[in-house]
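Overview (structure and organization)
In case you want the letters, here they are:
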Amino acid sequence: MSWLQALFSNDIAIDLGTATTLIHIKGRGIVSCEPSVVAVQIDGRGERRVLAVGKDAKEMIGRTPMGIEAVRPMRGGTIADFEITVEMLRYFIQRAHSSRPLVRPRVIICVPCGITDVEKRAVRESAEATGAREVYLIEEPMAAAIGARLPITEAAGNMIVDIGGGTTEIAVISLAGIVHSQSLKVGGDRMDEAIIEHLRRKYQLQIGERTAEAIKLRIGNAWPQSVTQSMEVKGRGMTAAVPSTVTVNSDEIREALSDPLTEIVRAVRQALERTSPELSADIVDKGVVLAGGGALLTGIDHLLRDQTNLPVLIAEDPVGAVVIGAGMALDDPYLLRHVATK
Ligand SMILES: Nc1ncnc2c1ncn2[C@@H]1O[C@H](COP(=O)(O)OP(=O)(O)OP(=O)(O)O)[C@@H](O)[C@H]1O
Ligand SMILES: [Mg+2]
């Protein structure tokens with residue numbers, strides 16, 4: 001039966017993230033994982049036309065000529081540019097359709113905890129506009145917890161910390177409900193900004209956000225490693241305003257990241273303080289599970305373990321956890337009824 005089911009299956013899960021948008025189709029897995037970036041051309045009348053979406057658009061950040069703009073419509077954990085978000089959603093859904101047409105799919109979309117009802121309705125409508133038969137919304141940390149295979153329906157506390165691009169969402173979940181949640185406007189973007197600031201201050205070198213992210217991915221870390229790594233960075237000198245190169249090492253990058261990391265640690269500790277003693281006891285046993293791209297920062301689990309005295313685990317696929325969890329929720333009538341809204 002399974003191939004037959006897969007053949008006719010029309011279920012799509014979408015993680016509309018501030019940094020990355022992922023699409024999961026039942027029976028096919030994750031079919032798309034692309035930056036949430038849209039390049040638009042602005043004509044003389046101020047009208048915007050979409051030129052590129054995803055990877056191609058991200059390449060253009062910081063490199064666009066007059067009249068073209070690379071937009072991150074979901075910046076900061078909320079929908080900053082609604083129209084473009086809808087365009088982006090439509091593009092990704094249509095592309096998933098075109099690789100194999102889907103007949104009136106059921107769609108589940110993960111949304112940040114804090115978005116308004118107006119935004120929710122608009123996200124829903126945009127999915128409906130692409131031909132969805134039924135649209136469900138699920139909150140990101142809930143989807144992340146399901147995707148990380150936490151036993152969320154049990155009467156026991158589970159803590160998930162999802163460190164994304166724009167926000168870090170911390171949630172304690174028990175009996176398929178969010179008992180406590182907190183959203184912090186600190187994530188990978190703030191880390192990139194901290195690196196930009198460090199290079200400006202220490203070397204008088206200006207770099208763009210893509211270069212800052214590349215430094216973070218290559219030598220960024222939250223806990224001292226046995227070998228200090230270094231890397232050459234090209235940018236624009238601030239005094240002479242000409243291209244120049246400096247060498248940075250992993251120790252100074254860790255130092256540069258200490259502000260955003262301290263804020264994340266503080267929020268996790270605060271969430272633990274606000275959790276009832278029973279649930280806290282569960283978390284002491286089971287630990288904290290990290291998800292989101294930020295969970296991949298070298299040593300972040302070590303830092304949190306050190307600062308909370310709790311076991312800290314990284315989800316198996318931290319970036320995919322949210323969309324995988326949403327797909328699992330769509331596939332399970334009990335979960336769908338309890339964790340999603342129609
Ligand atoms: N190996 C890595 N080390 C450090 N940071 C990483 C790594 N891989 C990805 N990231 C960062 O993770 C962030 C993106 O994470 P993710 O895709 O979970 O965000 P998102 O879900 O789009 O954002 P949000 O949940 O805030 O809406 C980016 O800032 C990216 O630079
Ligand atoms: Mg996310």
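Residues numbered from 1 in each chain as written. Chains lettered and ligands numbered in written order. Predicted model: local features only at pLDDT ≥ 70, side-chain atom pairs only at ≥ 80, totals over all residues. Heavy atoms only, no water.

**Observations concerning the site of ligand 1**
For ligand 1, the set of nearby residues contains 19 residues, the closest of which are Thr18, Ala19, Thr20, Glu213 and Lys216. Between ligand 1 and the protein, one listed contact pairs an oxygen atom with a backbone N or O atom of Ala19 at 2.7 Å. Between ligand 1 and Glu140, the relevant distance is 3.0 Å, taken from an oxygen atom to a side-chain nitrogen or oxygen of the residue. Compared with its free state, where it exposes 660 Å², ligand 1 has 89% of that area covered by protein. At a threshold of 2 Å from the grid points, most atoms of ligand 1 map onto the largest pocket. (Near = heavy atom within 4 Å. Polar contact = N/O pair within 3.5 Å; in protein donor to acceptor, adjacent residues only side chain to side chain. Areas by Shrake-Rupley, 256 points an atom, 1.4 Å probe, with all protein chains shown as cover. 1 Å grid on protein atoms, 1.4 Å probe; cavity = no way out; pocket = protein on both sides within 12 Å on 5 of 7 lines; lining within 4 Å. Sits in = over half its atoms within 2 Å of the grid points.)

**What about the side chain of Asp15?**
Relative to the assigned elements, Asp15 resides in strand β1 (residues 11-16). Those residues within four positions of Asp15 in sequence are excluded, and the remaining contacts are Thr20, Thr21, Leu22, Cys110, Glu140, Val319, Val322 and Val323. (Helix = DSSP H or I, 4+ residues; strand = E, 2+ residues; numbered from the N terminus. Contact = heavy atoms within 4.5 Å.)

**Regarding the pairing of strand β5 (residues 48-53)**
Both strand β4 (residues 38-42) and β5 contribute to a ladder of five bridges, which runs antiparallel. By the bridge assignment for β5, Val40 is matched with Val50. Between the antiparallel neighbours β4 and β5 lie five residues, among them Gly46 with a positive phi of about 85 degrees. (Pairing = 2+ DSSP bridges.)

**Quick word on the packing of helix α9 (residues 258-273) against helix α11 (residues 300-308)**
In the contact formed by α9 and α11, the axes pass within 10 Å of each other and the chain directions differ by 45 degrees. By the angle class used here, α9 and α11 are oblique. Relative to α11, α9 is oriented so that their crossing is right-handed. Listed contacts from α11 to Leu261, Val265, Val268, Arg269 and Leu272 of α9 are Ile300, Leu303, Leu304, Gln307 and Thr308. Residues that form the contact of α9 with α11 fall into these classes: seven nonpolar, two polar and one charged. (Axes fitted to C-alpha atoms, helices over the stretch in contact; angles between N-to-C directions. Parallel < 35°, antiparallel > 145°, perpendicular 65-115°, else oblique. Left-handed = near helix turned anticlockwise from the far one by under 90°. Nonpolar A, V, L, I, M, F, W, Y, C, P; charged D, E, K, R; others polar.)

**Examining the domain arrangement of the protein chain**
Assigned domains within the protein chain: domain 1 (2-35 + 75-142 + 321-341), domain 2 (37-71), domain 3 (151-186 + 259-314) and domain 4 (188-256). Just the C-alpha atoms count here: the centres of domain 1 and domain 3 sit 24 Å apart. Interface of domain 1 and domain 3: buried area, both sides summed, is about 1100 Å²; carbon and sulfur atoms make up 66% of it. Between domain 1 and domain 3 we count zero salt bridges in total. Seen at the junction of domain 1 and domain 3, the total is one residue pair in polar contact (both at pLDDT 80 or more). Counting residues per element, the ones that place at least two in the side of domain 1 that touches domain 3 are α5 (140-147), α12 (321-330) and α13 (333-339). It is α13 that contributes the most residues to the side of domain 1 that touches domain 3, four residues altogether. (Domains from an automatic or database assignment. Buried area = accessible area lost by both parts, 1.4 Å probe. Salt bridge = Lys/Arg side-chain N within 4 Å of Asp/Glu carboxyl O.)

**Regarding the side chain of Asp162**
Among the structural elements, Asp162 can be located in strand β9 (residues 158-163). For the buried Asp162, no salt bridge exists, and the shortest N-O distance to an oppositely charged side chain is 12 Å, to Lys216. In this structure Asp162 touches Glu140, Ala144, Thr167, Thr168, Glu169, Ala291, Gly292 and Val322, once residues within four positions along its chain are discounted. (Buried < 20%, exposed > 50% of the residue type's maximum accessible area, 1.4 Å probe, protein only. Lys, Arg positive; Asp, Glu negative; His and termini not counted.)

**Some thoughts on the layout of surface pockets**
Put simply, the largest pocket is a space of about 1000 Å³. Considering the residues around the largest pocket, the lining is formed by 49 residues, among which Ala19, Thr20, Gly165, Glu213 and Gly293 are closest to the centre. For the lining of the largest pocket, the elements supplying multiple residues, two or more each, are β1, β2 (20-25), β3 (29-35), α2 (55-59), β9, α6 (188-203) and α7 (209-219). Among the residues forming the lining of the largest pocket, the class breakdown is 19 nonpolar, 14 polar and 16 charged. (Points joined across faces, edges and corners; volume = space filled by probe spheres on them.)

**Quick look at α6**
Taking 1.5 Å per residue as the helical rise, α6 with its 16 residues ought to reach 22 Å, and the 22 Å between its terminal C-alpha atoms agrees with that figure. Within the span of α6, buried status applies to Gly188, Asp189, Met191, Asp192, Ala194, Ile195, Ile196, His198 and Leu199. Where α6 ends, the next residue or the one after it, Gln204, has phi of about 50 degrees, a positive value. (Expected span 1.5 Å × (residues − 1).)

**Some details on unusual backbone geometry**
Excluding glycine, residues mostly carry a negative phi; peptide bonds, for their part, are mostly trans. A positive phi angle is found at Arg149, which is not glycine, with a value near 65 degrees. Here Arg149 lies in the loop between α5 and β9. The phi angle at Asn309 is positive, at roughly 60 degrees, despite the residue not being glycine. Mapped onto the elements, Asn309 comes out in the loop between α11 and β16 (312-314).

**Overview of the sheet that holds strand β12 (residues 205-206)**
Pairing is antiparallel across the open sheet formed by three strands, whose spatial order is β12-β13-β14. Two strands lie at the open edges of the sheet, namely β12 and β14 (243-249), each paired on one side alone. Bridge count between β12 and strand β13 (residues 230-237): two bridges; the pairing is antiparallel. For Leu205, the partnering residue across the bridge sits in β13 and is Gly237. The strands touched by α6 within the sheet are β12, β13 and β14, with β14 carrying the most contacts at an inclination of about 105 degrees. Strands in contact with α7 are β13 and β14; relative to β13, the strand with the most contacts, it is inclined by about 170 degrees.

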